[in-house]
Amino acid sequence: SVQEWEAVLAVNLHAVIRGTQLAVKHFKSVKQPGTVINVASLGGLYPMAIAPVYAASKAGVVNFTRSLAHLHTNHIRVCAICPGYTTTDMVTKQSDSL
């Protein structure tokens, strides 16, 4: 359903963007170096037929993170980790709704 897809995007992408923005703002305000580690997924690097919205959200995290490489000039690193696939209720429900 649309509500389920929106929940996936809210948790996996929108919250990561907001959290990263808050962290970068903090590092800049205290004039200290820092590192933000975002959690993406291998699903953000490879297509996932059973969970396309999940994969799209994680691809968004990967590309959002990569787009912040310029922050290194402020001594702020933004990195993403991409763990492998784990079956969860959220992924199962999403694949069932297609």
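Now for a look at the structure at hand. (Residues numbered from 1 in each chain as written. Predicted model: local features only at pLDDT ≥ 70, side-chain atom pairs only at ≥ 80, totals over all residues. Heavy atoms only, no water.)

## With respect to the overall build of the protein
The line we're drawing: Labels follow the DSSP assignment, with helices taken as runs of H or I lasting at least four residues and strands as runs of E lasting at least two, numbered in each case from the N terminus. Three labels apply to residues, based on accessible area from a 1.4 Å probe with only protein chains included: buried if under 20% of the type maximum, exposed if over 50%, partly exposed otherwise in between.
Secondary structure summary: the protein contains three helices and two strands in total. The linear arrangement of helices and strands in the protein, starting from the amino end, is α-β-α-β-α. Along the first, second and third principal axes, the C-alpha set of the protein runs to 45 × 25 × 20 Å. Split into buried and exposed, the 98 residues of the protein put 32% on the buried side.

## Notes on helix α2 (residues 52–66)
The condition that has to hold: In this scheme, a helix's expected span is set at 1.5 Å multiplied by one less than its residue total.
Along its 15 residues, α2 runs 21 Å from first to last C-alpha, staying within 8% of the 21 Å computed at 1.5 Å per residue. Every buried residue of α2 is listed here: Val 53, Tyr 54, Ala 55, Ser 57, Lys 58, Val 61, Val 62, Phe 64 and Thr 65.

## What to know about unusual backbone geometry
Here the phi dihedral of Lys 31 falls at roughly 50°; this positive angle occurs in a residue that is not glycine. Counting through the fold element by element, Lys 31 comes out in the loop between α1 (2–29) and β1 (34–39). Although it is not a glycine, His 75 sits at a positive phi angle of roughly 65°. With respect to the element layout, His 75 can be found in the loop between α2 and β2 (76–81). On the basis of relative accessibility, which here comes to 57%, the residue His 75 falls in the exposed class.

## Section: the pairing of β1
Stated formally: Between any two strands, at least two bridges found by DSSP are needed for them to pair.
Here β1 shows one buried face, formed by Gly 34, Val 36 and Asn 38, and one open face, formed by Thr 35, Ile 37 and Val 39. Inspection of the sheet shows β1 paired to β2 by six bridges, in the parallel sense. Pairing of Thr 35 across the sheet is with Arg 77, part of β2.

## Points about a nonpolar patch on the surface
The line we're drawing: Like charges within 9 Å and nonpolar side chains (Val, Leu, Ile, Met, Phe, Trp, Tyr) within 5 Å are joined into patches, using only residues over 30% in relative accessible area that form no salt bridge. Exposure was quantified through the Shrake-Rupley algorithm and a 1.4 Å probe, taking into account, for residues, occlusion by the shown protein chains and nothing else. Each salt bridge in this description consists of a side-chain nitrogen of Lys or Arg and a carboxyl oxygen of Asp or Glu lying within 4 Å of one another.
There is a patch of nonpolar side chains on the surface, built from Ile 37, Val 39 and Ile 81 and spanning about 270 Å² of accessible area. With respect to the helices and strands, Val 39 occurs in strand β1. A relative accessible area of 40% places Val 39 in the partly exposed class.

## Examining α1
In this model, α1 (28 residues) spans 38 Å end to end at C-alpha, consistent with the 40 Å of a helix rising 1.5 Å per residue. Among all positions in α1, only Val 8, Asn 12, Leu 13, Val 16, Thr 20, Val 24 and Phe 27 are buried. Positive backbone phi, approximately 50°, marks Lys 31, located one or two places after α1.

## As for the nonpolar core
Put simply, the test is: Nonpolar cores were defined as sets of buried Ala, Val, Leu, Ile, Met, Phe, Trp, Tyr and Cys residues, with membership established by side-chain atoms within 4.5 Å. When checking whether two residues touch, look at their non-hydrogen atoms; a contact exists if any pair is within 4.5 Å.
Core analysis: the biggest nonpolar cluster contains eight residues, these being Val 24, Phe 27, Val 36, Phe 64, Leu 68, Leu 71, Ile 76 and Val 78. At the level of elements, α1 and β2 are the ones that each hand at least two residues to this core. Look past the residues within four positions of Leu 68 in its chain and what remains in contact with it is Thr 20 and Val 78. Met 48, Ala 51, Val 53 and Tyr 54 belong to the second largest nonpolar core, which has six residues in total.

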